[in-house]
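Fold and geometry: a report
As a plain string of letters, each chain reads:
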Amino acid sequence: FANYINQFIIDNKPVNSNGLVPGRGRSKEFNTNGFDYPLAEGYLSYTPNHFFNFQFGQGKNFIGDGYRSLFLSDVASPSPYFKITTTFWKIQYTNLWLFLDDVRPEAQVNGANARKFVVMHHLSYNINSRLNINLFESVISDNANHDGLNVNYINPIIFFRPIEFSRGESAGNALLGIGSKYKFSDNFVVYNQFLVDELNLKNLASGGGSWTNKFGFQLGAKYFNAFKIENLHLQAELNIVRPFTYSHANPLLNYAHFNQPLAHPWGANFYEFIAIAPYKKDRLFGN
């Protein structure tokens with residue numbers, strides 16, 4: 001790997017391991033300056049009718065229309081998951097359960113990685129042929145009480161905030177989000193995401209930059225066959241995430257898996273602008 005990736009592998013190594021390959025997982029040293037790592041991904045999918053799809057496997061998932069996602073991206077290592085996708089009328093509703101590991105040495109439990117669980121709901125609604133609105137919520141809980149995934153989080157339709165509140169602040173880390181996409185034409189699309197971890201309107205209005213205002217924002221646009229040039233695609237995207245977003249008073253409940261963020265690869269506390277221009281003509285392509 002490049003030297004900066006090698007440094008990431010060494011700096012984020014799990015307990016009892018030589019390194020952590022980003023997006024892959026635990027590794028061991030290979031020759032002088034390399035790393036050897038296993039990778040196993042796969043899933044079973046069952047569609048009993050036009051409305052439901054059930055999927056169980058080991059892999060990655062992505063929620064959003066952008067190059068990045070502030071809800072859930074595929075930058076972290078593969079993890080076990082179970083997903084139910086329900087489609088009817090103009091609605092697609094996704095339930096996703098993830099089983100994650102905290103591989104920091106201080107999070108070990110009897111020599112094993114600390115286990116945590118993430119449950120997500122994503123509701124996508126096509127208002128018309130051009131406009132889509134989608135809602136997102138997730139909660140992270142751990143196995144501190146040795147009771148596994150709390151039965152309340154198995155419910156596919158209930159809101160997570162009341163459950164988190166009733167169990168206590170230290171029992172879970174809940175996130176809320178809203179996104180949208182608008183097609184100005186078949187060639188030009190704009191999209192956005194707004195994620196809230198914590199929000200104090202009084203502190204926000206004061207402009208003091210309080211740490212309690214933990215949120216992120218994404219705004220982007222895609223232009224296909226730009227300027228009527230076939231296979232020239234343009235994309236621009238702005239991502240802003242406030243400090244301490246995705247974090248929690250209980251470090252085990254952070255929004256991460258195998259020392260890697262579940263959403264944006266930079267975690268929090270950043271401004272980012274991305275411009276992408278892929279082009280292909282015959283056997284010539286560039287990006």
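Above this text sits the structure in question.
This report concerns the structure included in the present document. (Residues numbered from 1 in each chain as written. Predicted model: local features only at pLDDT ≥ 70, side-chain atom pairs only at ≥ 80, totals over all residues. Heavy atoms only, no water.)

What to know about a nonpolar patch on the surface
Going by this rule: Only residues above 30% relative accessible area that lack a salt bridge enter a patch, with like-charged residues linked at up to 9 Å and the nonpolar side chains Val, Leu, Ile, Met, Phe, Trp and Tyr linked at up to 5 Å. All accessibility values rest on the Shrake-Rupley procedure with a 1.4 Å probe; residue burial counts only the protein chains present in the view. The salt bridge definition used is simple: a Lys or Arg side-chain nitrogen within 4 Å of an Asp or Glu carboxyl oxygen. What counts as a helix is a DSSP run of H or I of at least four residues, what counts as a strand is a run of E of at least two, and both are numbered from the N terminus.
A cluster of nonpolar side chains, contributed by Phe51, Phe52, Phe88 and Trp89, occupies part of the molecular surface with about 470 Å² of accessible area. Within the secondary structure, Phe52 is located in strand 5 (residues 52-59).

Things to note about the nonpolar core
Defined as follows: Residues belong to a common nonpolar core when they are buried Ala, Val, Leu, Ile, Met, Phe, Trp, Tyr or Cys residues joined through side-chain atoms within 4.5 Å. Think of it in three bands: residues with accessible area under 20% of the maximum for their type are buried, residues over 50% are exposed, and the middle band is partly exposed, with areas taken using a 1.4 Å probe on protein chains only. Contacts: residue pairs with any heavy atoms within 4.5 Å of one another.
Ranked by size, the top nonpolar core spans 22 residues in total, and within it Leu98, Met120, Tyr246 and Tyr255 carry the most contacts. Listed by contribution, the elements that provide at least two residues to this core are strand 7 (91-102), strand 8 (114-126) and strand 9 (131-142). It is strand 7 that provides the largest number of residues to this core, a total of three residues. Excluding its chain neighbours within four sequence positions, the residues that come into contact with Leu98 are Asn61, Leu72, Ser79, Pro80, Tyr81, Lys116, Phe117, Val118 and Met120. By size, the runner-up hydrophobic cluster in this structure holds six residues, among which are Ile84, Val119, Tyr153 and Ala174.

Some details on the pairing of strand 8
Looking along a regular strand, one sees the side chains alternate between the two faces of the sheet. The line we're drawing: Criterion used throughout: strands pair if DSSP finds at least two bridges between them.
Where strand 7 lies against strand 8, twelve bridges are found, and the strand directions are antiparallel. Considered in strand 8, the bridge of Asp102 is made with Ala114. Two elements, strand 8 and strand 9, share eleven bridges in a ladder whose sense is antiparallel. When the bridges of strand 9 are listed, Met120 appears paired with Ser138.

Overview of the pairing of strand 5
Taking every second residue as pointing to the same face, the buried face of strand 5 carries Asn53, Gln55, Gly57 and Gly59, while none of Phe52, Phe54, Phe56 and Gln58 on the other face is buried. Where strand 4 (residues 42-46) lies against strand 5, five bridges are found, and the strand directions are antiparallel. Bridge pairing links Tyr43 to Gly57 in strand 5. In textbook terms, the turn of a hairpin is the stretch between consecutive antiparallel strands, and for strand 4 and strand 5 this stretch comprises five residues.

Describing the sheet that holds strand 1 (residues 19-21)
We apply this condition: In this description, a line fitted to the C-alpha atoms serves as the axis of each element, helices being fitted only across the stretch in contact, and the angle between N-to-C directions of two axes falls anywhere from 0 to 180 degrees.
Overall, antiparallel pairing links the three strands, which are arranged 1-2-3 in an open sheet. Sheet topology places strand 1 and strand 3 (34-36) at the edges, where each strand pairs with a single neighbour. On average, each strand axis in the sheet is inclined to that of its neighbour by 60°, with strand direction left out of account. Where strand 2 (residues 25-30) meets strand 3, three bridges bridge the pair, whose relative direction is antiparallel. Its bridge partner lying in strand 3, Lys28 is registered against Asp36. Contacts from helix 1 (residues 3-11) reach strand 1, strand 2 and strand 3 within the one sheet, and its direction differs from that of strand 1 by about 125°.

No statement about biological role is implied by the geometric values presented.
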